[in-house]
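# What the coordinates show
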Amino acid sequence: MPSVIPGFTYHRVPVADGVSLNAAVSGAGSPIVLLHGFPQTHLMWRHVAADLAADHTVICPDLRGYGASDKPAETDGSGYAKRTMAADIVALARALGHDRFALAGHDRGALVAFRAGLDHPETITHLACLDVLPTLDMWDVLHGVTAAVGFHLYLMAQPPGLPEQLIAAAPDAFFGHFLDIWTDDPQAIPADVRTAYLDACRAAVPSIVADYRASAGIDVTHDRADQDAGNQLRMPVAVLQQDWGAALGFDAAALWRAWAPDLRHTTVTCGHFMAEEAPATVARTLRDLVAG
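### A word on empty space enclosed by the protein
Summed over the entire model, instances satisfying the criterion amount to 3 cavities of 30 Å³ or more. In this structure, the largest cavity occupies an estimated 430 Å³ of space. If you trace the largest cavity, you find 20 residues lining it, with Asp131, Val132, Met138, Leu153 and Trp244 closest to the centre. Mapped by element, the contributors of at least two residues to the lining of the largest cavity are α3 (108–119), α4 (135–141), α5 (151–155) and α11 (244–248). Residue composition of the lining of the largest cavity, grouped by class: 13 nonpolar, 4 polar and 3 charged.

This is how it looks when you write it as structure tokens:
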């Protein structure tokens, strides 16, 4: 069962009081940090990371609450705010010797990357977000029966207790559901990698729910404050996205452009797990973004 990316060195790095992140590092050159999504770990970047390590220093952490990173209990509603998780990533990179770096995130990791870009514009040189909308826009485009596609967002937004109990009762069925329906190429997530994802998620139900719950609470507050203040992402931004707009009735590029004036938006034809289904496309996008 895979637990590491071959050829990468692993570090356990303290990033906050009582919180350390597990991070895989390899390569040399300008740094790129890659943040995984749900329901995955840093292993989702295994192909892209190996490619980019030929000419970049590549850092692939497990986010707070996921994988082999620490999973602090939520106490005041801010422990899994994207602001907190973004600060983890800045602290991680700094501890590894990088005061400025390019940052790419997929799914949940993209929301952390988005917040890092807003909160730390002097640190994030380039930003890439894979297959998400910013949190405020995500909630706005879900309406009517089409919102059923995001049922998990509403489930995990509920007060502590019931969501955790329901998911913990059948974790493999719950997390496996998304691995099944969000991929166009099942071979992109082989059985041993799937098992690693499910094992990691099964051990992290409370923290995963806390991450999602924050996106229906404190993350909305933070994003709305930036929106009201007219704050935008100052760095070059690349977005790779499935054509959810066609199904749900929105213009994804226009929504992103309101946040990111220097935007490269590309619609892809692969499934949600694009770093595993189309790694060459993702690696090329990241290289072009940083080179540009």
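### Examining the packing of aromatic side chains
Enumeration over the complete set of coordinates arrives at 12 aromatic pairs. Seen from their ring centres, Phe38 and Trp182 are 6.1 Å apart, and the 65° between their planes marks the pair as edge-to-face. Taken together, the residues span a long stretch of sequence, with Phe38 in the loop between β3 (31–35) and α1 (46–52) and Trp182 in the loop between α7 (171–181) and α8 (191–202) at a distance of 144 residues. In terms of burial, Phe38 and Trp182 fall into one category: buried. Measuring from ring centre to ring centre gives 6.2 Å for Trp182 and Phe273, while their planes differ by 45°; the resulting arrangement is tilted. Taken together, the positions of Trp182 in the loop between α7 and α8 and Phe273 in the loop between β8 (263–267) and α13 (274–277) put the pair 91 residues apart, joining distant regions of the chain. No difference in accessibility class separates Trp182 from Phe273, as the two residues are buried. Within the aromatic cluster, the residues linked to one another by ring pairs are Phe38, Phe151, Phe174, Phe175, Phe178, Trp182, Tyr212 and Phe273. Over the ring of Tyr212 we find Arg108, and its NZ or CZ is 3.8 Å from the ring centre.

### Points about the sheet that holds β3
An order of β1-β2-β4-β3-β5-β6-β7-β8 is seen for the 8 strands of this open sheet, with the pairing classed as mixed. The two strands at the open ends of the sheet, each matched to only one other strand, are β1 (9–16) and β8. Neighbour to neighbour, the strand axes of the sheet diverge by 20° on average, direction disregarded. Note that β3 and strand β4 (residues 57–61) share 3 bridges and pair parallel. Residue Pro31 lies in a different strand from β4, and its bridge partner there is Thr57. Against the sheet, helix α2 (residues 82–95) engages β1, β2 (19–26), β3, β4 and β5 (101–106), with an angle of about 125° to β1.

The rules behind the values
Residues numbered from 1 in each chain as written. Predicted model: local features only at pLDDT ≥ 70, side-chain atom pairs only at ≥ 80, totals over all residues. Heavy atoms only, no water. 1 Å grid on protein atoms, 1.4 Å probe; cavity = no way out; pocket = protein on both sides within 12 Å on 5 of 7 lines; lining within 4 Å. Points joined across faces, edges and corners; volume = space filled by probe spheres on them. Helix = DSSP H or I, 4+ residues; strand = E, 2+ residues; numbered from the N terminus. Nonpolar A, V, L, I, M, F, W, Y, C, P; charged D, E, K, R; others polar. Phe/Tyr/Trp six-rings, centres within 6.5 Å; stacked < 30°, edge-to-face > 60°. Buried < 20%, exposed > 50% of the residue type's maximum accessible area, 1.4 Å probe, protein only. Lys NZ or Arg CZ within 6 Å of the ring centre and 35° of its normal. Pairing = 2+ DSSP bridges. Axes fitted to C-alpha atoms, helices over the stretch in contact; angles between N-to-C directions. Contact = heavy atoms within 4.5 Å.

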